[in-house]
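Secondary and tertiary structure notes
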Amino acid sequence: MRPISSILEQFQRKSLLALLLICFGLMITSVPGVHAQTLTGTAPTINIATAVAGSEPTPVTNTGSNVKYSGKTFLSKITVKTVCANQKFDLSVVAGSITAGRGTAAAAVVLLNGMLDTDFIVSIPANVGSTTVSLRYTAAPQFSDGTGTDTHTVTYTQVAN
Amino acid sequence: MHIFANLRNSLRCQSVVLLPISLIFLLLMPSCLFAQASHAAKVTVPNLAVVSVSSGVVSLAINGTGVVAGVDPMTVTSQATTLSWGANTSTAKIAVKTSLALQKYTLTVQAININGVPTSTGISAPVVTLTTTSQDFMTGIGLKRGTCTLLYTGIAPASKGTGTDTHTTITFTITN
């Protein structure tokens, strides 16, 4: 008959191994590129062409791109931020309609150069299937902004919620 | 006693290994980055310049009301219409002209009650006597939008007698 200490020792090794495996598994699923969230469609290009006298130029919305994501090991969320040197014009983005149970759209996010990561889609359940959500960009320049082109690099990041 | 000593050693050993792992895991978990993707988003705004006037026909009648004996010329005014604009270049201005070449009476127009956004500062609005040649009506309106009242003044010297001038079209043109 094996001594209890031997059993405990074996149990300890197994549990240690199991824990290490769990941690390794979690790390693997946490590495960018594994089950990657992707951006699809056409990168948004917005041209402001009309204005009504007395009001600001007419805002233009672009819905030609999407974010595709899936649930991770934990409850997760997607944040957004932008880099746009010498930004002149107002640009915001909000998630289009999301299938029930696949996350919740945050309020429209105003994209400002150098901003911190800001919640875009929250409460994405763990292990939810592949989900595609349209990105609704709206540009709303003002006459006082003048003319020109803003080029943003908009980054979406899926992180633990 | 031997069993308990072994158990204690085992647990001690386990805690020494597991505790730091657990702590690292707990610290890292909230900021766990699963995936990241970027794309470009472009917003282009070309030169925009718009102007409009409120609808309605401006009618000025010198009919004796308000006319002061001994004062010449007689005048009458109208503030019934408004003008709105928007321009996104710094050099924008509005010019005005009339379609009526041969005028018996003088008709002037001026922008008053100017409400510029973000500011009315720098806007100049002289009194313009209407002719068929475009003349500056408002300057300094660049990078602004706004509204104003159009103050039309009909001026009729007694020497011009009676009659009617019909300015079929008064054109306001905004240039960037």
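What counts as what
Residues numbered from 1 in each chain as written. Chains lettered and ligands numbered in written order. Predicted model: local features only at pLDDT ≥ 70, side-chain atom pairs only at ≥ 80, totals over all residues. Heavy atoms only, no water. Helix = DSSP H or I, 4+ residues; strand = E, 2+ residues; numbered from the N terminus. Buried < 20%, exposed > 50% of the residue type's maximum accessible area, 1.4 Å probe, protein only. Contact = heavy atoms within 4.5 Å. Areas by Shrake-Rupley, 256 points an atom, 1.4 Å probe, with all protein chains shown as cover. Pairing = 2+ DSSP bridges. Salt bridge = Lys/Arg side-chain N within 4 Å of Asp/Glu carboxyl O. Phe/Tyr/Trp six-rings, centres within 6.5 Å; stacked < 30°, edge-to-face > 60°. 1 Å grid on protein atoms, 1.4 Å probe; cavity = no way out; pocket = protein on both sides within 12 Å on 5 of 7 lines; lining within 4 Å. Points joined across faces, edges and corners; volume = space filled by probe spheres on them. Nonpolar A, V, L, I, M, F, W, Y, C, P; charged D, E, K, R; others polar.

Regarding the overall build of chain B
Each helix and strand in chain B was counted, giving 1 helix and 9 strands. Buried positions account for 32% of the 176 residues belonging to chain B. A sequence separation of at least 24 residues applies to 81% of the contacts in chain B between residues at least 6 apart. For chain B, the accessible surface area stands at approximately 9,800 Å², while carbon and sulfur atoms represent 60% of it.

Re the sheet that holds strand 1 (residues 33-45) of chain B
Spatial ordering of the open sheet is given by 2(A)-1(B)-10(A)-4(A)-8(A)-6(A), a layout of 6 strands whose pairing is mixed. At either end of the open sheet lies a strand with only one pairing partner, and these are strand 2 (45-47) and strand 6 (104-105) of chain A. As defined by bridge partners, strand 4 (residues 76-83) of chain A adjoins strand 8 (residues 118-124) of chain A across 4 bridges and the pair is classed as antiparallel. Counted as the bridge partner of isoleucine 78 of chain A is isoleucine 121 of chain A from strand 8 of chain A.

Looking at the pattern of salt bridges
Side chains carrying opposite charge are able to pair once their charged atoms draw close together. Going through the model one piece at a time under the given rule, you end up with 3 salt bridges over all chains. A salt bridge links aspartate 119 of chain A to lysine 77 of chain A; the nearest nitrogen and oxygen atoms lie 3.0 Å apart. Here lysine 77 of chain A lies in strand 4 and aspartate 119 of chain A lies in strand 8, a separation of 42 residues in the sequence. The exposure class assigned to lysine 77 of chain A is buried, which follows from its relative accessible area of 18%. Of the charged contacts, one joins lysine 93 of chain B and aspartate 136 of chain B as a salt bridge, the two residues approaching to 3.2 Å between their closest N and O atoms. Of this pair, lysine 93 of chain B sits in strand 4 (residues 93-98) while aspartate 136 of chain B is found in strand 7 (residues 135-139), placing the two residues 43 residues apart along the sequence.

Some remarks on the packing of aromatic side chains
Taken as a whole and judged by the stated rule, the model has 3 aromatic pairs over all chains. Taking the centre distance of 6.2 Å and the plane angle of 40° together, the rings of phenylalanine 74 of chain A and phenylalanine 34 of chain B count as tilted. Taken together, the residues phenylalanine 74 of chain A in the loop between strand 3 (60-69) and strand 4 and phenylalanine 34 of chain B in strand 1 connect one chain to another. Comparing phenylalanine 74 of chain A with phenylalanine 34 of chain B, the two get one shared label, buried.

Side note on the environment of proline 125 of chain A
Here proline 125 of chain A lies in the loop between strand 8 and strand 9 (131-139). What proline 125 of chain A contacts, discounting residues up to four positions off in sequence, is Gly71, Lys72, Leu75, Gly101, Arg102 and Gly103 of chain A.

Quick look at the environment of threonine 129 of chain B
All names here are of chain B. Position of threonine 129 among the secondary structure elements: in strand 6 (residues 128-129). The sequence separation of threonine 129 and leucine 107 amounts to 22 residues, and the corresponding C-alpha distance is 5.9 Å. Sequence-distant contacts of threonine 129, that is, excluding residues within four places in its chain, are made with Thr106, Leu107, Thr108 and Gln135.

Comments concerning the pairing of strand 5 (residues 106-117) of chain B
Residues and elements named next belong to chain B. Judged from the 10 bridges that link them, strand 5 and strand 8 (residues 144-156) form a sheet pairing that is antiparallel. Looking at strand 8, one finds that glycine 116 is bridged to glycine 146. Summarising the sheet, strand 5 and strand 6 pair through 2 bridges and their orientation is antiparallel. When the bridges of strand 6 are listed, valine 109 appears paired with valine 128.

Comments concerning the layout of surface pockets
Residue and element names in this part refer to chain B. Estimated volume of the largest pocket: approximately 820 Å³. In terms of lining residues, the largest pocket is bounded by 32 residues, among which Val58, Ser59, Leu60, Asp165 and His167 are the most central. For the lining of the largest pocket, the elements supplying multiple residues, two or more each, are strand 3 (74-87), strand 5, strand 8 and strand 9 (170-175). Looking at which element gives the most residues to the lining of the largest pocket, the answer is strand 8, with 5 residues. Here the residues of the lining of the largest pocket are counted per class, giving 17 nonpolar, 14 polar and 1 charged.

Thoughts on the pairing of strand 1 of chain B
Here strand 2 of chain A runs beside strand 1 of chain B; their pairing, made up of 3 bridges, is parallel. Bridge pairing in strand 1 of chain B links asparagine 47 of chain A to threonine 44 of chain B. Note that strand 10 (residues 148-160) of chain A and strand 1 of chain B share 12 bridges and pair antiparallel. The residue of strand 1 of chain B that forms the bridge with threonine 157 of chain A is glutamine 36 of chain B.

As for unusual backbone geometry
For the peptide bond that leads from aspartate 72 of chain B to proline 73 of chain B, omega is 0°, which places it in the cis range. The topology assignment puts proline 73 of chain B in the loop between strand 2 (49-53) and strand 3. In the segment running from valine 117 of chain B into proline 118 of chain B, the intervening peptide bond is cis, with an omega of 10°. Within the secondary structure layout, proline 118 of chain B lies in the loop between strand 5 and strand 6. Backbone geometry places asparagine 127 of chain A, a non-glycine residue, at a positive phi of 60°. On the secondary structure map, asparagine 127 of chain A appears in the loop between strand 8 and strand 9.

Without other data, these values stay purely geometric and don't point to any function.
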